[in-house]
Every structure is written in structure tokens, then in C-alpha cells.
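Summary of the model geometry
Single-letter residue listing:
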Amino acid sequence: MPTPLPCPCGSGKPYAGCCRPYHTGKPAPTPEALMRSRYSAYALDKPDYIMHTTHPRSPHWQPDRTAWRADLSAFSTGVRFVGLRVLATTENTVTFRAILMQGTRDVSFTERSTFERVDGRWLYVSGA
Ligand SMILES: [Zn+2]
């Protein structure tokens, strides 16, 4: 049997039983699940999921969806997504370290992301 694709979010679970259900329409139940599924979406070059889960009030939200999609895709394909570590969570924030490589350059970063629940769906608002 082929080994199932491990989820890029680093959960240790197969993608099919981890972030894929969120990428195909199931609302992520927690900010952490949403954050993980957004990391996976970046890793798998799924810009529409990133746009769909970004709050319209977010500084990252762009009105020109074609340009935004191209920006997201350029990031996804220009960086290697090595891993993700969730460091802390509260009821509406997730602090994480994203381990990323751009060629041989380490472009990893730590961020505390804020999320807001709108009509039953968690959305990414901002990070610092
Ligand atoms: Zn996952």
C-alpha cells in the first residue's frame, strides 16, 4: 500500500484525515485547526482557501482577487514548507513557528495570529 500523504501542518496525521476536510469545505472548529489548515494550504498552493479564510477587515485582505491569488501562489511556490510548531493558543489566538526555507536561506518566523468567528467560521484577522 502507498504511504498516505502526511499532512503538511505537522500533525503526524495523513492529510486526508487532517486538513483536507477543511480545504474541501468543512469549517475548522478552532483557531488552531484553522491556522494549521492555512499553513497546509500555503504548503499545497491552495490560494483560494487562504482568501476564503481571511477576514475582510484583515490588513492582508486584497480587493483584487486575481492579484491576491497570484501573490499567494508566488509565496507558496517560492518557499519550502518544512514544518509548523504551535507554541500557544488562547480562545482567539495561536502563536506558532513556521519553518520555511527559500532556497538555502532560512526564512522561518514566529507569529501570534488573531482570529475571529464570523457566521460560524473562524477567519484569520492579523498577525504580529
Ligand atoms: Zn493538517
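Residues numbered from 1 in each chain as written. Predicted model: local features only at pLDDT ≥ 70, side-chain atom pairs only at ≥ 80, totals over all residues. Heavy atoms only, no water.

To continue, consider the pattern of salt bridges. All chains considered together, the criterion is met by three salt bridges. Here Asp 48 and Arg 69 are joined by a salt bridge, their closest N and O atoms 2.8 Å apart. Residue Asp 48 is found in helix α3 (residues 47-52), and its partner Arg 69 is found in helix α4 (residues 65-78); the two are separated by 21 residues along the sequence. For Asp 48, a relative accessible area of 42% puts it in the partly exposed group. A salt bridge links Arg 57 to Glu 116, with the nearest nitrogen and oxygen atoms 3.0 Å apart. Note that Arg 57 is positioned in the loop between α3 and α4 and Glu 116 in strand β4 (residues 109-118), a separation of 59 residues in sequence. What makes Arg 57 exposed here is its relative accessible area of 54%. (Salt bridge = Lys/Arg side-chain N within 4 Å of Asp/Glu carboxyl O. Helix = DSSP H or I, 4+ residues; strand = E, 2+ residues; numbered from the N terminus. Buried < 20%, exposed > 50% of the residue type's maximum accessible area, 1.4 Å probe, protein only.)

Turning our attention to the coordination of the zinc ion. Taken together, the protein ligands of the zinc ion are Cys 7 (SG), Cys 9 (SG), Cys 18 (SG) and Cys 19 (SG), with distances of 2.2 to 2.3 Å. Here the zinc ion binds four donor atoms, and the angle range of 102 to 115 degrees at the metal identifies the geometry as tetrahedral. For the zinc ion, the single-chain donor residues occur in sequence as C-x1-C-x8-C-C. A relative accessible area of 9% means that Cys 18 is categorised as buried. (Donors = N, O, S within 2.8 Å, 3.2 Å for Na, K, Ca; no water. Tetrahedral: all angles 85-135°; square planar, octahedral: opposite > 155°, others 65-115°.)

With that settled, consider the environment of Ala 28. Within the secondary structure, Ala 28 is located in the loop between α1 (20-23) and α2 (31-43). Each C-alpha atom of the pair Ala 28 and Ile 50 lies 13 Å from the other, and the pair is 22 residues apart in sequence. Ala 28 has contacts with Tyr 22, Ala 33, Leu 34 and Trp 122, leaving out every residue within four places of it along the chain. (Contact = heavy atoms within 4.5 Å.)

Take the packing of aromatic side chains next. Scanning all chains against the criterion turns up six aromatic pairs. A ring pair is formed by Tyr 42 and Phe 75, whose centres lie 5.4 Å apart and whose planes are at 85 degrees; its orientation type is edge-to-face. You can see Tyr 42 sitting in helix α2 and its partner Phe 75 sitting in helix α4, a full 33 residues away along the chain. By relative accessible area, Phe 75 is classed as partly exposed at 34%. Taken together, a centroid distance of 6.2 Å and an interplanar angle of 65 degrees make the contact between Trp 61 and Trp 68 edge-to-face. (Phe/Tyr/Trp six-rings, centres within 6.5 Å; stacked < 30°, edge-to-face > 60°.)

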